[in-house]
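# Coordinates in review
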Amino acid sequence: MSGPVRVRFAPSPTGTLHVGGARTALFNFLFARHHGGTFILRIEDTDRERSTQESVGAIFEGLRWLGIDWDEGPDKEGAHGPYFQSARLAGYTAAAGRLLEEGKAYRCFCAPEELKRRREAALKRGEPPKYDRTCLRLPPRESDARAAAGEPHAVRYRMPDDGETAWNDAVRGDVTFQNATLDDLVIFRADQHPTYNFAAVVDDAAMEISHVIRGDDHISNTPRQLRLYAALGLAPPVFGHVPMILGPDGTRLSKRHGAQSVMEFRDAGYLSEALVNFMALLGWAYDGERELFTLAELGEAFTLERCSKNPAIFNYEKLDWMNGEYFRALPLARRAELVAEHLRAEGALAPEAYADRTELERAVAAVGDRMKRPQQFLDYAAYLFVERVEPEQGPWEELLAKPGAPSRLRSFATLLEGAASLDHDALDQSSRALAKEEGVKFGDMVMPARIALTGKKVSPGIFDVIALLGRERTVRRLRDMADRIESAAGAAKA
RNA sequence: GGCGGUAUCGUCUAGAGGCCCAGGACGUGGCCCUCUCAAGGCCAAAACACGGGUUCGAAUCCCGUUACCGCUACCA
């Protein structure tokens, strides 16, 4: 517990980096930063069936994007490497051999299918599905002979029959398990690979991990691992189990809940700063008041004592809000860049639309804080990139319902045609004067124009839209819309 | 089924016996600002799961119930 702080994030490369894993990584990272310790990345690829190289790459990419840099790990070899469990097999084999020799573990020749059958039968009878210790009762000589003959077998750790295993959890306090409820877990598989609980213990000890911070789905693994530490004569680390992240329906976050991998959030336009900040608040709070933190500030503020014990439901609306906070704070050039990036990725516009970065920046500036994510840009600017505006149903009906709309559009067009400049304030003045002259409310003149120009009832300020469109296009759209309204009205009458 | 964990507004949470007829944030509703929408400002509705204790006093401690979650693999 004294000694340097060394924590790790130990994902299994069986998929992408999802928010649950990322949050665990983040907490470990923050804990290390807070204590000036070391954050280690270790890849737990002992499941040869499911581990893939692509997943390893996805985890790296996700962590890097979030800004969670590891001090030791793949690509950052330290004194405790290697950092892939597949490269540390010798250590597990030796440790298992030692336990076997000392009689703390035994070989199990039971076939997996047979085990499964017994388990189901026990469950059916309403009994706990513990391993029945068939192979523990094997005479040592027989066990040795069968192993020598090459019969495939696993190695099981022999759990104590009584007593209890307890620890003081750094976030939950005292947790106790009766040893009698623990069964003889397999530590080494027939395929010569260690199981998770065993490899984790051997590595955490070898890597001198001081604190194991992980999701609370690991609570029931902890007593097993504690027994293993004891059997191996190793000092256990401090354990801290943080609450899990649930989907909106209260079940474990999964694909069903929409975006879940960190990269999907990036592609949806979320900023890593926002996602990090948001994830930090899932299961941790500073004082219940302050909510906006940079990664560095989180490192300053983060402590296990302030982690909550209850599971947190992932709140997409709040993430959206937070992303808006960060997005709006970005310099204009950066926002425009992100918008361009997104537009390009979506293939949303013709290539020439991106040619003029200044033009794009003007549009982004006009859209202003209406967008929380780059993907919302087109909601407020699509009309800039089309030849002719096709009004949406609602707005179109509104135009038809307003009897004076066409004439207002025309007089507004005339005004703009003759305006000395498209300067915002000048136009604002002359437009208001015009409205007054015609005896209509300013808003009643602006709204038809907005619809004629953008096809929508919602847009940036009308004078920003005009400036962006330019005099030619503006005047043309205004008059064109007046014509269309009239011909539609005429058709309706006839 | 067994074991373990958790239980404060719809959601994330503050609260570690009196400061709480419970605070903040998202979301929701209203008002203001206003050319629309955002942003911003103001206001509002909204919670201590239930039942027993302990105590002068409990959201805070103990017990039980209920609910939810996790584990119960030769997955991690």
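Here goes a summary of the coordinates provided. Nothing here was measured: the structure is a model prediction, and the numbers come from that model. (Residues numbered from 1 in each chain as written. Chains lettered and ligands numbered in written order. Predicted model: local features only at pLDDT ≥ 70, side-chain atom pairs only at ≥ 80, totals over all residues. Heavy atoms only, no water.)

## Some points on the protein's contact with RNA strand B
The immediate surroundings of RNA strand B are formed by 69 residues, with Arg119, Arg189, Glu291, Arg370 and Arg432 found nearest. Protein-proximal atoms of RNA strand B, defined as those within 4 Å of the protein, fall in sugar or phosphate at a share of 74%. Taking Asp217, its main chain carries an N or O atom lying 3.3 Å from a sugar or linking oxygen of RNA strand B. For RNA strand B, a phosphate oxygen lies 3.0 Å from a polar atom in the backbone of Gly283. For the surface near RNA strand B, the per-class residue count stands at 25 nonpolar, 20 polar and 24 charged. (Near = heavy atom within 4 Å. Polar contact = N/O pair within 3.5 Å; in protein donor to acceptor, adjacent residues only side chain to side chain. Nonpolar A, V, L, I, M, F, W, Y, C, P; charged D, E, K, R; others polar.)

## Looking at the nonpolar core
Formed by 101 residues in total, the largest nonpolar core has its most connected members in Leu63, Leu66, Phe314, Phe377, Phe412 and Leu478. Among the elements that make up this core, the one with the highest residue count is helix H1 (residues 19–34) (nine residues). Those residues in contact with Phe377, other than ones at most four positions away along the chain, are Val339, Leu343, Leu360, Ala363, Val364, Val367, Met371 and Phe385. (Core = buried A, V, L, I, M, F, W, Y, C linked by side-chain atoms within 4.5 Å. Buried < 20%, exposed > 50% of the residue type's maximum accessible area, 1.4 Å probe, protein only. Helix = DSSP H or I, 4+ residues; strand = E, 2+ residues; numbered from the N terminus. Contact = heavy atoms within 4.5 Å.)

## Considering unusual backbone geometry
Of the consecutive residues Gly81 and Pro82, the connecting peptide bond is found in the cis state with omega at -5°. Take Pro82: it is sitting in the loop between helix H2 (53–66) and helix H3 (89–101). Its identity is not glycine, yet Gln192 carries a phi of approximately 70°, on the positive side. Positionally, Gln192 belongs in the loop between strand E7 (186–188) and helix H6 (196–206). The partly exposed category is assigned to Gln192, whose relative accessible area is 49%.

## Quick notes on the pairing of strand E2 (residues 38–41)
Covered by surrounding structure in E2 are Thr38 and Ile40 together with Phe39 and Leu41, the residues of both alternating faces. Crossover connection from strand E1 (residues 6–9) via H1 to parallel E2: handedness right-handed. (Right-handed = clockwise from strand over helix to strand, strands pointing away.)

## Considering the packing of aromatic side chains
Scanning the model with the defined rule gives 15 aromatic pairs in all. Seen in terms of ring centroids, Phe60 and Trp70 are 5.4 Å apart; in terms of plane orientation they differ by 35°. Their pairing is tilted. Pair noted here: Phe60 is in helix H2 and Trp70 is in the loop between H2 and H3, with a separation of ten residues, a long-range link. Using a relative accessible area of 11% as the deciding quantity, one classes Phe60 as buried. (Phe/Tyr/Trp six-rings, centres within 6.5 Å; stacked < 30°, edge-to-face > 60°.)

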